[in-house]
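Structural overview for review
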Amino acid sequence: MASKPPKTPAPPKAPAFKPEEANGGDSVVLERRPLKTEPPQMYQVVLLNDDYTPMEFVVVVIQEFFNKDRETATQIMLKIHLDGKGVCGVFSKDVASTKVDQVTEAARKNGHPLQCVCEPIE
Ligand code: TYC
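What counts, and at which threshold
- Residues numbered from 1 in each chain as written.
- Predicted model: local features only at pLDDT ≥ 70, side-chain atom pairs only at ≥ 80, totals over all residues.
- Heavy atoms only, no water.
- pLDDT = per-residue confidence, 0-100.
- Contact = heavy atoms within 4.5 Å.
- Buried < 20%, exposed > 50% of the residue type's maximum accessible area, 1.4 Å probe, protein only.
- Helix = DSSP H or I, 4+ residues; strand = E, 2+ residues; numbered from the N terminus.
- Pairing = 2+ DSSP bridges.
- Near = heavy atom within 4 Å.
- Polar contact = N/O pair within 3.5 Å; in protein donor to acceptor, adjacent residues only side chain to side chain.
- Areas by Shrake-Rupley, 256 points an atom, 1.4 Å probe, with all protein chains shown as cover.
- Nonpolar A, V, L, I, M, F, W, Y, C, P; charged D, E, K, R; others polar.

Here the chain averages 86 in pLDDT, while 80% of its residues score no lower than 70. This stretch, residues 17-22, has a pLDDT under 50; its non-local contacts, to residues over four places away or in other chains, come to 2 contacts.

What follows covers the pairing of strand 1 (residues 43-48). Most of strand 1 is tucked away: 5 of the 6 residues are buried. Sheet topology note: the strand 1/strand 2 (residues 85-91) ladder contains 6 bridges and is antiparallel. Looking across to strand 2, one finds that valine 46 is bridged to valine 87. Here strand 1 runs beside strand 3 (residues 115-120); their pairing, made up of 6 bridges, is antiparallel. Considered in strand 3, the bridge of valine 45 is made with cysteine 118.

Near the ligand, the surroundings consist of Leu47, Leu48, Asn49, Asp50, Thr53, Met55, Val58, Met77, Ile80, His81 and Leu114. The side chain of asparagine 49 places a nitrogen or oxygen atom 2.7 Å from a nitrogen atom of the ligand. Within the backbone of aspartate 50, one N or O atom sits 2.7 Å away from a nitrogen atom of the ligand. Its free accessible area being 350 Å², the ligand has 89% of it covered by the protein chains. At the level of elements, strand 1, helix 1 (55-66) and helix 2 (70-83) are the ones that each hand at least two residues to the shell around the ligand. Top contributing element to the shell around the ligand by residue count: helix 2, with 3 residues. Looking at the shell around the ligand residue by residue, the class counts come to 7 nonpolar, 3 polar and 1 charged.

You can see threonine 74 is positioned in helix 2. You can call threonine 74 partly exposed: its relative accessible area is 26%. When the C-alpha positions of threonine 74 and valine 58 are compared, they lie 8.4 Å apart, and in sequence the two are 16 residues distant.

Okay, here's the thing in structure tokens:
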């Protein structure tokens, strides 16, 4: 019968925290927090219906300033004509505001009362 090797004593366990980690001294504790970045508020640019702006002008505006093909632009124009308003695109605040200015300037230059506004979504 083989004799068991003599038991070596277990190494001493590390203390739960070392005294220098108790923050009783000059150490600084940095808390790690998950970074929460909210998505930016987005704005929809809306054209409003009126009785005077020609349909063709509205279609061209939607094509030029909102990068829509002719068919999509025509559908949006007809929706505005029937419902009173329609969304042409969704953008960050600065871009939406620029679109409103560009569309309004183009309309006034051509003598049309077309109204373009932007509104925050959600
Ligand atoms: N209602 C206009 C017309 O009958 C056409 C129109 C469509 C005007 C859309 C503005 O945002 C508008 N000539």
